[in-house]
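Chain and residue survey
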Amino acid sequence: MFQRSYPNLAVVTHVVNDDRRDFIVRREVRRTDFMVHGEHDDRTAPQFRNRKGRGPHKGRYDRSRRDRQRGNHSGGFGGPGPRSRLEDTDGDVTMSDGSQDSSSQNRFNPYGRPFRKGDGRFDRDRRQGKGGGRGGGGGPFRVGDRGGGGGKNQSGWYKVTIPHGRKYDKKWLLTALQNICSVTYAPVQYHVDHNRVHFYVDDSSVASALHKCSHKITDTDGYKVEVHVNKSAPPSFLLSDLKPEHLEHLKQCMAKRFDGSQQALDLNNIRTDPDLVSQNIEVILNRKTNIEAVIKIIEENIPELTSLNLSNNRIHKLDELAELVTKVPNLKTLNLSQNELKSDRELDKVKGLKLVELWLTRNPLCDVFKDQASYISAVRQRFPRLLRLDGHDLPPPIGFDVETPTTIPPCKGSCFGSDEIKAVILRFLQQYYSIYDSGDRQPLLDAYHDGASLSITTPYSTQNPSRSSLGEYYKDSRNLKRVKDSTIRFRLLKHTRLNVVAFLNELPKTQHDIASFTIDVNTYTNTLLSFTVSGVFKEVVVDGKSRESTMAFSRVFITVPAGNSGLCIVNDQLFIRMATTEEIRRAFVAPAPTPSSSPVPTLTAQQQEMLTAFSQKSGMNLEWSQKCLQDNEWDFSRAAHIFTQLKAEGKIPDVAFIK
């Protein structure tokens with residue numbers, strides 16, 4: 001047995017005598033802490049622990065041993081004797097097939113990237129700029145090469161893609177790119193594909209400049225706009241324009257395929273039509289110019305077409321077919337089977353068609369639905385009149401025919417259910433909001449149950465809430481679309497009347513337009529009354545500054561009986577949003593009365609008599625009657641006229657009639 005020792009590895013050479021009295025040489029790499037009797041190695045670190053024949057060099061040394069056993073080793077097992085097989089020119093055992101020097105010795109790393117010396121054809125081509133890698137070429141501008149090779153872009157065209165570009169206004173996006181692009185560019189064939197935006201440029205310097213614009217534009221939501229640039233074939237409108245003589249042949253071909261008795265046109269697999277092939281005319285309907293030519297021929301010659309078969313034409317997008325909605329308005333049957341439509345969203349482009357029969361079989365989009373029911377539902381959302389799908393009858397659609405101009409009836413006013421409930425609710429609201437709009441909301445403690453709870457909600461919005469007039473309410477909003485965490489949802493609920501009123505005291509001071517209130521009773525029993533109040537309000541002067549914005553609210557009160565014809569709140573749900581233009585226009589038109597328990601006692605006997613008479617004739621209480629007379633300078637006739645007009649317009653609140 002002979003052993004050679006090295007600082008970083010242990011190679012052991014064995015010479016054994018087999019049964020045939022022949023010598024066999026075996027070399028092994030051993031873990032230095034895996035010792036055999038008679039062997040020695042100074043290194044005992046655990047990282048060298050390795051089972052025999054399991055290390056990274058297993059393949060090489062096993063093959064070496066097998067080769068020697070077969071007599072194929074360069075040392076020649078059929079040579080002069082055992083000593084010649086053991087001789088080594090430098091006394092060392094090398095660990096690689098190639099030569100090594102002290103500067104090129106590398107420990108084997110099974111997880112590292114394979115070492116390449118760079119002397120092969122691949123590396124020579126790469127150094128010479130012959131491609132072979134993604135992006136190709138060795139120039140400073142490298143864009144993705146979907147062609148799978150490098151070299152010059154033969155077409156000279158580049159496709160620019162903006163992921164999620166659908167949400168951007170076209171003018172804003174192109175202007176933003178131009179503002180930071182180092183060269184002027186002219187986008188060609190700007191179009192939207194699903195959520196992406198695409199356009200083309202035909203200059204490499206423009207493509208390079210646009211490529212550098214990626215992640216340098218920030219949109220209104222705070223996201224960076226990505227810009228992807230790839231080498232591309234020319235835009236579709238530049239490809240295979242049909243010549244005038246070709247259009248005439250196409251027209252004749254379509255005439256042969258048209259069935260006048262059924263008003264049906266069969267363009268199935270038209271690219272293989274013998275009449276066109278014999279004339280060496282290629283009509284491919286997934287090309288923009290070709291399908292546009294077909295639609296134009298239909299529009300000019302058979303606009304009353306009711307059935308169109310476009311099956312087996314490799315159609316993968318329906319952008320151009322959108323023109324059928326206006327140019328072929330009577331189309332009822334459309335066959336798109338055996339094409340390459342991948343998403344049901346393509347159907348959105350032709351959903352204006354009033355189809356009763358549609359074929360989509362053998363399109364990839366048919367495989368994306370979990371079951372037949374969801375497939376039918378998705379298609380019927382686009383075509384509610386559909387009666388047949390893929391040759392199968394569908395159940396009659398359930399819907400409403402609202403295509404004819406219909407005047408939506410005006411929204412009805414409050415709904416109370418009974419005069420008794422009406423009186424209780426109006427009295428409660430008048431007392432509640434007279435305190436709520438005062439400077440101190442602490443007396444509202446008497447209106448809430450000991451175990452009451454309250455929540456506030458604002459609309460879900462992606463804009464910065466600090467810029468909105470709802471910013472004061474946003475931080476406490478319990479909008480379940482925004483707040484997903486159950487712990488936070490619970491924390492945003494205000495529990496017990498003390499916490500509820502303390503929270504209400506922190507909200508901005510307000511003035512509610514009681515005349516705008518609409519009240520709807522949801523549920524009432526002997527022990528519970530639930531009703532919704534909707535209206536508008538504005539915030540009053542805060543720190544010397546007035547907030548001009550008018551807001552709308554909807555509030556659900558769940559109450560139980562309390563005291564003598566009173567109500568006690570057990571649950572309060574407040575929703576606040578910005579008011580609409582119409583709500584702002586109508587807000588605070590009727591004068592808001594000053595809450596008081598009795599009319600102001602500074603009236604003359606004549607005024608007191610006039611007030612009593614006006615209250616009896618109008619039906620309003622003394623407080624509102626006095627306000628109406630005062631606003632009309634105690635002119636009874638004019639006050640009566642104004643009252644009649646406002647009442648007819650529904651602008652006098654119900655609280656004005658509570659006596």
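Above: the structure in question.
1. Description of the overall build of the protein chain
- Scanning the protein chain from N- to C-terminus turns up 18 helices and 21 strands.
- Of all 659 residues assigned to the protein chain, the portion counted as buried reaches 35%.
- Residue pairs at least 24 apart in sequence account for 63% of intrachain contacts in the protein chain once pairs closer than 6 positions are excluded.

2. With respect to the nonpolar core
- In this structure, I425, L429, Y432, Y448, L504 and F531 are the most contacted members of the largest nonpolar core, which totals 53 residues.
- Looking at this core element by element, the count peaks at nine residues for helix 11 (residues 419-436).
- When sequence neighbours within four positions are dropped, the list of residues in contact with F531 reads I425, F428, L429, I519, D520, V521, N522, R555, V556, F557, T559 and L567.
- Counting 43 residues, the second largest nonpolar core, distinct from the first, contains L265, L285, L331 and V379.

3. A closer look at the packing of aromatic side chains
- Summed over the entire model, instances satisfying the criterion amount to 19 aromatic pairs.
- Every member of this aromatic cluster is reached through a ring pair, and the members are F428, Y432, Y433, Y436, Y448, F517, F531, F537, F553 and F557.
- The aromatic ring of Y436 is capped on one face by R441, whose charged end is 4.0 Å from the ring centroid.
- Geometry around F503 places K494 over its ring, the cationic atom sitting 4.8 Å from the centre.

4. Re the sheet that holds strand 7 (residues 228-232)
- Across the sheet, which stays open at both edges, the four strands sit in the order 5-6-4-7 with antiparallel pairing between neighbours. In this open sheet, the two strands that pair with only one neighbour each are strand 5 (188-193) and strand 7. Pairwise comparison of adjacent strand axes, ignoring direction, gives a mean angle of 25° for this sheet.
- Bridge count for strand 4 (residues 157-162) against strand 7 is five bridges, and the pairing is antiparallel. Bridge assignment links T161 to a residue of strand 7, and that residue is H228.

5. Re the pattern of salt bridges
- Scanning the model with the defined rule gives 23 salt bridges in all.
- One salt bridge in this structure joins R196 and D193, with 3.5 Å as the shortest N-O distance.
- Overall, D193 belongs to the buried group, its relative accessible area being 8%.
- A salt bridge links K288 to E320, with the nearest nitrogen and oxygen atoms 3.4 Å apart. Taken together, the positions of K288 in helix 8 (residues 288-301) and E320 in the loop between strand 10 (307-309) and helix 9 (324-327) put the pair 32 residues apart, joining distant regions of the chain.
- The network of salt bridges with common partners includes D193, R196 and K317.

6. Topic: the layout of surface pockets
- Approximately 1000 Å³ is the volume found for the second largest pocket.
- A515, S516, F517, T518 and R586 are, among the 41 residues lining the second largest pocket, the residues nearest its centre.
- Of all the secondary structure elements, the ones that give two or more residues to the lining of the second largest pocket are helix 11, strand 18 (518-524), strand 19 (529-539), strand 20 (550-562), strand 21 (566-578) and helix 15 (581-586).
- For the lining of the second largest pocket, a count of residues per class yields 21 nonpolar, nine polar and eleven charged.

7. Examining helix 4 (residues 170-180)
- Among all positions in helix 4, only L173, L174, A176 and L177 are buried. On an axial view of helix 4, the arc spanned by its buried residues comes to 160°, and they lie on one face. In helix 4, the exposed positions angled more than 90 degrees off the buried face are occupied by K171 and N179.
- N-capping of helix 4 is provided by D169, with a side-chain oxygen placed 3.2 Å from the backbone N of K171.

8. Quick notes on the side chain of N479
- Relative to the helices and strands, N479 is located in the loop between helix 12 (471-474) and helix 13 (486-491).
- When its relative accessible area of 13% is taken as the criterion, N479 is described as buried.
- Within the local environment of N479, its side chain forms a polar contact with the backbone oxygen of T458, the two atoms lying 2.8 Å apart.

9. Observations regarding unusual backbone geometry
- The phi torsion at R362 lies on the positive side, around 60°, for a residue other than glycine.
- As for its position among the elements, R362 is in the loop between strand 12 (357-359) and helix 10 (372-382).
- Of the residues examined, R362 reaches a relative accessible area of 64% and is grouped as exposed.
- Here the phi dihedral of W634 falls at roughly 60°; this positive angle occurs in a residue that is not glycine.
- Relative to the helices and strands, W634 resides in the loop between helix 17 (622-631) and helix 18 (636-648).

10. Examining the pairing of strand 5
- In this sheet, strand 6 (residues 196-201) lies alongside strand 5 in antiparallel orientation, the contact comprising four bridges. When the sheet's bridge partners are listed, H191 is paired in strand 6 with H198.
- Hairpin connection of strand 5 to strand 6: two residues between the antiparallel strands, including H194 at a positive phi of 60°.

11. Describing the packing of helix 6 (residues 244-256) against helix 8
- Where helix 6 meets helix 8, the closest approach of the two axes is 11 Å, and the angle between their N-to-C directions is 60°. Taken as a pair, helix 6 and helix 8 cross one another with a handedness that is right-handed. Here L247, L250, K251 and M254 of helix 6 lie close against helix 8, whose contacting residues are A293, V294, I297, I298 and N301.
- Grouping the constituent residues of the contact of helix 6 with helix 8 by class yields seven nonpolar, one polar and one charged.

12. Some details on the side chain of D273
- By the element assignment, D273 lies in the loop between strand 9 (264-266) and helix 7 (274-278).
- Judged by relative accessible area, D273 falls into the buried class, the value being 7%.
- Dropping the residues within four chain positions of it, D273 is found in contact with C253 and R257.

13. Some remarks on helix 17
- When helix 17 is considered as a whole, its buried residues turn out to be E623, W624, S625, Q626, C628 and L629.
- Buried positions along helix 17 lie against helix 11, helix 16 (605-618) and helix 18.
- Two or three places before W624, at the opening of helix 17, N621 has a side-chain oxygen 2.9 Å from that residue's backbone nitrogen.
- A positive phi of about 55° marks E633, the residue just after helix 17.

14. Quick notes on the sheet that holds strand 10
- Overall, mixed pairing links the seven strands, which are arranged 8-9-10-11-12-13-14 in an open sheet. For this open sheet the edge positions go to strand 8 (258-259) and strand 14 (392-393), each flanked by a neighbour on one side alone.
- Where strand 8 meets strand 9, two bridges bridge the pair, whose relative direction is antiparallel. Bridged to F258 within strand 9 is L265.

About the thresholds
Residues numbered from 1 in each chain as written. Predicted model: local features only at pLDDT ≥ 70, side-chain atom pairs only at ≥ 80, totals over all residues. Heavy atoms only, no water. Helix = DSSP H or I, 4+ residues; strand = E, 2+ residues; numbered from the N terminus. Buried < 20%, exposed > 50% of the residue type's maximum accessible area, 1.4 Å probe, protein only. Contact = heavy atoms within 4.5 Å. Core = buried A, V, L, I, M, F, W, Y, C linked by side-chain atoms within 4.5 Å. Phe/Tyr/Trp six-rings, centres within 6.5 Å; stacked < 30°, edge-to-face > 60°. Lys NZ or Arg CZ within 6 Å of the ring centre and 35° of its normal. Pairing = 2+ DSSP bridges. Axes fitted to C-alpha atoms, helices over the stretch in contact; angles between N-to-C directions. Salt bridge = Lys/Arg side-chain N within 4 Å of Asp/Glu carboxyl O. 1 Å grid on protein atoms, 1.4 Å probe; cavity = no way out; pocket = protein on both sides within 12 Å on 5 of 7 lines; lining within 4 Å. Points joined across faces, edges and corners; volume = space filled by probe spheres on them. Nonpolar A, V, L, I, M, F, W, Y, C, P; charged D, E, K, R; others polar. Arc of directions from axis to C-beta. Polar contact = N/O pair within 3.5 Å; in protein donor to acceptor, adjacent residues only side chain to side chain. Left-handed = near helix turned anticlockwise from the far one by under 90°.

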